[in-house]
Amino acid sequence: KMSLERCLEHFTAPESLADPVDCPQCMKKTRTKKQHTFAKVPKVFCLHLKRFDAAKNRKIDDFVSFPARGLDMGRFYPHWSEIGIGESNTVNDNDTSPQVLYDLFATANHTGTLHQGHYVANVKVGSDWYHCNDQMVSRYDEKDVLHSEGAYILFYIRR
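For the structure given in this document, a descriptive report is provided here. Because the structure is a prediction, the values reported are computed rather than measured. Residue positions are given per chain, counting from 1 as you read along its sequence in written order. Per-residue local features are limited, in this predicted model, to residues with pLDDT of at least 70; the limit for side-chain atom pairs, both in listing and counting, is 80 or more; totals at the level of whole chains, interfaces and linings are taken over all residues. As a rule here, side-chain values cover all heavy atoms of the structure and leave hydrogens and water aside.

## Section: the layout of surface pockets
Working step 1: The pocket and cavity definitions rest on a 1 Å grid over protein atoms only: a 1.4 Å probe that fits but cannot leave marks a cavity, an open set with protein on both sides within 12 Å along at least five of seven lines marks a pocket, and residues lining either have an atom within 4 Å of a point. Grid points are joined across faces, edges and corners, and a volume is the space filled by probe spheres set on the points. Empty space within the largest pocket amounts to approximately 500 Å³.
Working step 2: Forming the boundary of the largest pocket are 16 residues, of which Met 2, Cys 7, Leu 49, Lys 50 and Val 64 lie nearest the centre.
Working step 3: Among the secondary structure elements, those contributing two or more residues to the lining of the largest pocket are helix 1 (4-12) and strand 6 (44-48).
Working step 4: Only DSSP runs of H or I reaching four residues or more are called helices, and only runs of E reaching two or more are called strands; each is numbered from the N terminus. Take the lining of the largest pocket: its biggest share by element is 6 residues, from helix 1.
Working step 5: Note on residue categories: nonpolar means Ala, Val, Leu, Ile, Met, Phe, Trp, Tyr, Cys or Pro, charged means Asp, Glu, Lys or Arg, and polar means any other residue, Gly included. When its residues are assigned to classes, the lining of the largest pocket shows 10 nonpolar, 2 polar and 4 charged.

## Observations concerning the pattern of salt bridges
Working step 1: Salt bridges are defined by distance alone: a side-chain nitrogen of Lys or Arg within 4 Å of a carboxyl oxygen of Asp or Glu. Applying the stated criterion across every chain yields a total of 8 salt bridges.
Working step 2: For Lys 29, the salt bridge is made with Asp 22, and the minimal N-O distance between the two is 3.3 Å. We note that Lys 29, like Asp 22, is exposed.
Working step 3: A salt bridge links Arg 69 to Glu 142; the nearest nitrogen and oxygen atoms lie 2.8 Å apart. You can see Arg 69 sitting in strand 10 (residues 69-72) and its partner Glu 142 sitting in helix 3 (residues 142-146), a full 73 residues away along the chain.
Working step 4: Only protein chains enter the area calculation, which uses a 1.4 Å probe; residues under 20% of their type maximum are buried, those over 50% are exposed, and those in between are partly exposed. We classify Arg 69 as partly exposed; its relative accessible area is 47%.
Working step 5: Each of the salt bridges in this network shares a partner with another, and the network as a whole consists of Asp 141, Lys 143 and Asp 144.

## Observations regarding the nonpolar core
Nonpolar side chains in soluble globular proteins tend to end up buried together.
Working step 1: Put simply, a nonpolar core is a bunch of buried Ala, Val, Leu, Ile, Met, Phe, Trp, Tyr and Cys residues held in one set by side-chain atoms that sit within 4.5 Å of each other. Residues Leu 4, Leu 154 and Tyr 156 are the most contacted members of the largest nonpolar core, which totals 22 residues.
Working step 2: Among the elements of the structure, helix 1, strand 6, strand 11 (101-112), helix 3 and strand 15 (151-158) are those that each provide at least two residues to this core.
Working step 3: For this core, the element with the highest residue contribution is strand 15, accounting for 3 residues.
Working step 4: The criterion used for residue contact is that any of the two residues' heavy atoms lie within 4.5 Å. The contacts of Leu 154, once residues within four sequence positions are left out, are Leu 4, Phe 45, Cys 46, Leu 47, Leu 49, Phe 66, Leu 104, Ala 106 and Thr 107.

Have a look at this one:
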């Protein structure tokens, strides 16, 4: 089962570069790694899940679970990512990272195929969720938002 946290761990995991790089200190070609991190995160954090595979000309329909509350981005800050990820590329729970918590307040969803489909949105107003589908807006349960088909943009707000 794929989760948003697992996607973020994969995105921020160090990866080896294919070709050795010239080291300016030792003047030799050395194996090097690169790593994506979040230097700082905004008040409103938009996460776009990759749902289209242009190389294979297909839509990616795999379900990705995501939290309604308490998405912690602190462990993905540069310092904590670098020291908190071991050889197995999993986050070490022994290191205490700062808590930077986010709560979900909207999603954009796509149903259909790579070539055609339909977009809807789920939006939280106060403590109530609403499903926005063209001209129709209706109340929605949070559990339905978390299990809805085709979520591909997630909107979080920092606490």
